[in-house]
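Chains, contacts and geometry: an overview
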Amino acid sequence: MTTNAAWTERYTGVLMNTFGSPKTVLVRGQGAHVWDADGREYVDLLGGIAVNALGHGHPRLVAAVTEQLETLGHISNFFASGPQIRLAERLVGLLGTEARVFFTNSGAEANEAAFKLTRRTGRTKIVATEGSFHGRTMGALALTSKLAYREPFEPLPGDVVFVPYGDVAALEAAVDRDTAAVLVEPIQGEAGVIVPPRDYLPSAQRIAHENGALLWLDEIQTGVGRTGTWFAHQNPALVDAPVVPDIVTLAKGLAGGIPIGACLATHGAGKLFDPGNHGTTFGGNPVAAAAALAVLDVIAEEDLLAHASAQGAKLRAAAGADARVVETRGAGLLVGLTLAEPRAAEVVTAAQDAGFLLNAATAERVRMAPPLNLTDADVEAFAAAWPAILDHAFDPAGVAP
Ligand SMILES: *Cc1c(COP(=O)(O)O)cnc(C)c1O
């Protein structure tokens with residue numbers, strides 16, 4: 001058997017050093033559980049960063065992908081396929097507004113498509129938010145505020161203005177008649193699960209539309225049931241009035257782990273591209289589309305929207321019961337925990353030692369984004385282990401390993 005250590009050494013010799021050296025090499029997954037190369041089992045509370053909506057190895061997802069691959073795997077966009085058309089229809093139905101869809105292979109690509117779409121308004125200015133994350137390609141990076149990500153790659157596509165997140169007055173001041181689109185995440189995921197005031201998205205819509213600009217919501221992390229509704233902008237816990245975005249971008253959980261992204265644009269915005277304006281070889285691939293249809297079916301049939309809300313509330317209550325967690329945030333199964341001290345990295349390490357995979361979004365914020373079908377047993381196991389995880393993280397020297 002090849003061990004973690006042996007794999008890690010080989011990784012370091014052959015993979016580009018973009019992610020640092022891996023600590024753990026995973027070999028197998030089942031439900032919300034994964035196993036590493038040394039045979040250790042973990043409860044996966046990160047879900048491939050909000051991707052494994054149905055957990056690992058879900059039989060419906062395996063069957064859908066297998067059947068589609070046996071039937072028709074790839075065709076290019078010179079041709080169309082039933083799964084692609086059915087998936088577009090399903091997504092438009094869930095959005096509840098007339099819309100057109102462009103499929104991609106990732107979140108960054110969905111945002112690239114949307115960015116290009118906004119240029120077709122004849123305006124170029126984008127108003128985005130501080131703390132935003134929209135991906136790593138040049139266009140998506142131009143929309144991402146974090147200096148450490150941007151600076152090594154400048155010059156980036158221009159005319160992007162950043163305003164403080166959750167601040168309606170800042171939007172009022174920045175959005176004008178030159179603005180093509182206002183771009184916001186309904187919850188900032190990478191920034192550490194930051195939830196804006198409930199009037200923020202409705203106000204962003206009003207301000208955008210008063211100026212003839214588009215409202216573009218990046219729901220790549222928050223969409224597809226993650227917060228307990230199909231789209232986060234439909235969640236009454238997150239908005240105090242209905243929101244109808246002009247553009248919505250999706251990816252992560254959409255196909256439960258098979259690469260896919262989507263750019264949805266409503267009404268006029270959905271007709272801004274002319275033939276030849278954009279393209280993709282893989283986007284809308286029948287296998288990815290069939291996987292996404294299976295994910296949407298299982299979420300609906302097993303009532304995973306309500307389940308995500310319930311399990312998220314339990315996780316927040318369990319984690320927040322300890323005084324070393326000063327704030328619990330998020331909605332549904334996008335969970336953010338603010339620690340009393342900047343020990344998120346230590347918490348992640350201690351959690352992994354205890355058999356739980358978490359993520360340090362920032363120095364003091366821990367993020368969880370587990371499968372939407374997370375079981376009670378897994379929530380209870382986490383609740384039982386959590387105080388000792390914090391003991392190790394807050395006082396690593398004082399506790400026996
Ligand atoms: C993950 C993420 C992206 C980028 O998606 P990739 O598939 O990694 O390119 C963009 N926006 C948000 C909000 C994300 O969470």
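Here the structure is a predicted model, which is why all the values come from computation and not from measurement.

Attention shifts here to the pairing of strand E12 (residues 334-339). In terms of residue burial, E12 counts as a mostly covered element, since 6 of its 6 residues are buried. Every second residue of E12 is oriented toward a common face, with Leu 334, Gly 336 and Thr 338 on one face and Val 335, Leu 337 and Leu 339 on the other, all of them buried. Two elements, strand E11 (residues 325-331) and E12, share 6 bridges in a ladder whose sense is antiparallel. When the bridges of E12 are listed, Thr 328 appears paired with Leu 337. What sits between the antiparallel neighbours E11 and E12 is a turn of 2 residues, in which Gly 332 has the positive phi angle 55°. Summarising the sheet, E12 and strand E15 (residues 365-368) pair through 4 bridges and their orientation is antiparallel. Paired with Thr 338 across the bridge in E15 is Arg 365.

Quick look at the sheet that holds strand E7 (residues 179-184) now. The strand order E4-E10-E9-E8-E7-E5-E6 describes an open sheet built from 7 strands, whose pairing is mixed. Bordering the open sheet on either side are strand E4 (99-104) and strand E6 (160-163), each of which pairs with just one other strand. If you compare each strand with its neighbour and ignore which way they point, the axes differ by 20° on average. Of the pairings in the sheet, the one linking E7 to strand E8 (residues 214-218) comprises 4 bridges and is parallel in character. Within E8, the position partnered with Leu 183 by the bridge is Trp 216. Sheet strands touched by helix H5 (residues 107-119): E4, strand E5 (125-129), E6, E7, E8, strand E9 (247-250) and strand E10 (261-266). Its angle to E9, the strand with the most contacts, is close to 160°. Across the sheet, helix H9 (residues 200-210) is in contact with E5, E7 and E8; its angle to E8 comes to roughly 145°.

What follows deals with the site of the ligand. Neighbouring the ligand are Ser 106, Gly 107, Ala 108, Asn 111, Phe 133, His 134, Gly 135, Glu 185, Asp 218, Ile 220, Gln 221 and Lys 252. Asp 218 is positioned with one of its side-chain polar atoms (N or O) 2.8 Å from a nitrogen atom of the ligand. A distance of 2.7 Å is found between an oxygen atom of the ligand and a side-chain nitrogen or oxygen belonging to Gln 221. Here the ligand, which alone exposes 390 Å², has 81% of that area covered by the protein. Sort the elements by how many residues they give to the shell around the ligand and H5 lands first, with 3 residues. Grouping the constituent residues of the shell around the ligand by class yields 3 nonpolar, 6 polar and 3 charged.

Our focus in this paragraph is the environment of Tyr 11. Within the secondary structure, Tyr 11 is located in helix H1 (residues 4-14). Spatially, the C-alpha atom of Tyr 11 lies 7.9 Å from that of Pro 22, the residues being 11 residues apart in sequence. In contact with Tyr 11, other than residues within four places in its own chain, are Phe 19, Gly 20 and Pro 22.

This brings us to the nonpolar core. By size, the foremost hydrophobic cluster in this structure holds 63 residues, and its most contacted members are Val 347, Leu 358 and Trp 386. A per-element tally of this core places helix H10 (residues 286-301) first, with 10 residues.

Quick look at the UniProt feature "modified residue: N6-(pyridoxal phosphate)lysine" (unreviewed entry) in the protein chain now. Residues annotated in UniProt with the feature "modified residue: N6-(pyridoxal phosphate)lysine" (unreviewed entry) correspond here to Lys 252. Within the fold, Lys 252 resides in the loop between E9 and E10. Every residue in contact with Lys 252, bar those within four places of it in the chain, is listed here: Ile 49, Ala 50, Val 51, Glu 190, Ile 220, Gln 221 and Ile 260.

Glancing now at the sheet that holds E11. Taken in spatial order, the 4 strands of this open sheet run E11-E12-E15-E14, and their pairing is antiparallel. Pairing within the sheet leaves two strands with one partner each, and these edge strands are E11 and strand E14 (359-360). Helix-sheet contacts for helix H11 (residues 304-320) involve E11, E12 and E15, and the interaxial angle to E11 is about 170°.

Turning to the domain arrangement of the protein chain, a few remarks are in order. Domain parsing of the protein chain yields domain 1 (4-57 + 303-398) and domain 2 (72-301). For domain 1 and domain 2, the distance between their C-alpha centroids amounts to 26 Å. If you look at the interface, domain 1 gives 26 residues, while domain 2 gives 28 residues. The junction of domain 1 with domain 2 conceals about 2100 Å² of combined surface from both sides, 63% of it contributed by carbon and sulfur atoms. Counting the surface domain 1 buries against domain 2, the share from its top three residues, Leu 54, Leu 305 and Leu 334, is 27%. For the pair domain 1 and domain 2, the interface holds 1 salt bridge. Arg 367 serves as the salt-bridge partner of Glu 190, at 2.7 Å between the closest nitrogen and oxygen.

Looking now at the UniProt feature "binding site: N(2)-acetyl-L-ornithine" (unreviewed entry) in the protein chain. Feature annotation in UniProt places "binding site: N(2)-acetyl-L-ornithine" (unreviewed entry) on Arg 136 and Thr 280, given in this structure's numbering. Along the chain, the position of Arg 136 falls in the loop between E5 and helix H6 (138-142). In this structure Arg 136 touches Ala 108, Leu 141 and Tyr 149, once residues within four positions along its chain are discounted. Mapped onto the elements, Thr 280 comes out in the loop between E10 and H10. Setting aside anything within four residues of it in sequence, one finds Thr 280 in contact with Asn 77, Phe 102, Phe 103 and Asn 105.

Attention now goes to the pattern of salt bridges. Considering all chains together, one arrives at 13 salt bridges under this definition. Between Arg 343 and Glu 341 there is a salt bridge whose closest N-O contact spans 2.7 Å. Glu 341 sits in the partly exposed class, given a relative accessible area of 34%. Overlapping salt bridges bring together Glu 172, Arg 206 and Glu 210 as one network.

About the cut-offs
Residues numbered from 1 in each chain as written. Predicted model: local features only at pLDDT ≥ 70, side-chain atom pairs only at ≥ 80, totals over all residues. Heavy atoms only, no water. Buried < 20%, exposed > 50% of the residue type's maximum accessible area, 1.4 Å probe, protein only. Helix = DSSP H or I, 4+ residues; strand = E, 2+ residues; numbered from the N terminus. Pairing = 2+ DSSP bridges. Axes fitted to C-alpha atoms, helices over the stretch in contact; angles between N-to-C directions. Contact = heavy atoms within 4.5 Å. Near = heavy atom within 4 Å. Polar contact = N/O pair within 3.5 Å; in protein donor to acceptor, adjacent residues only side chain to side chain. Areas by Shrake-Rupley, 256 points an atom, 1.4 Å probe, with all protein chains shown as cover. Nonpolar A, V, L, I, M, F, W, Y, C, P; charged D, E, K, R; others polar. Core = buried A, V, L, I, M, F, W, Y, C linked by side-chain atoms within 4.5 Å. UniProt positions renumbered as here; feature names shortened; annotations may be inferred. Domains from an automatic or database assignment. Buried area = accessible area lost by both parts, 1.4 Å probe. Salt bridge = Lys/Arg side-chain N within 4 Å of Asp/Glu carboxyl O.

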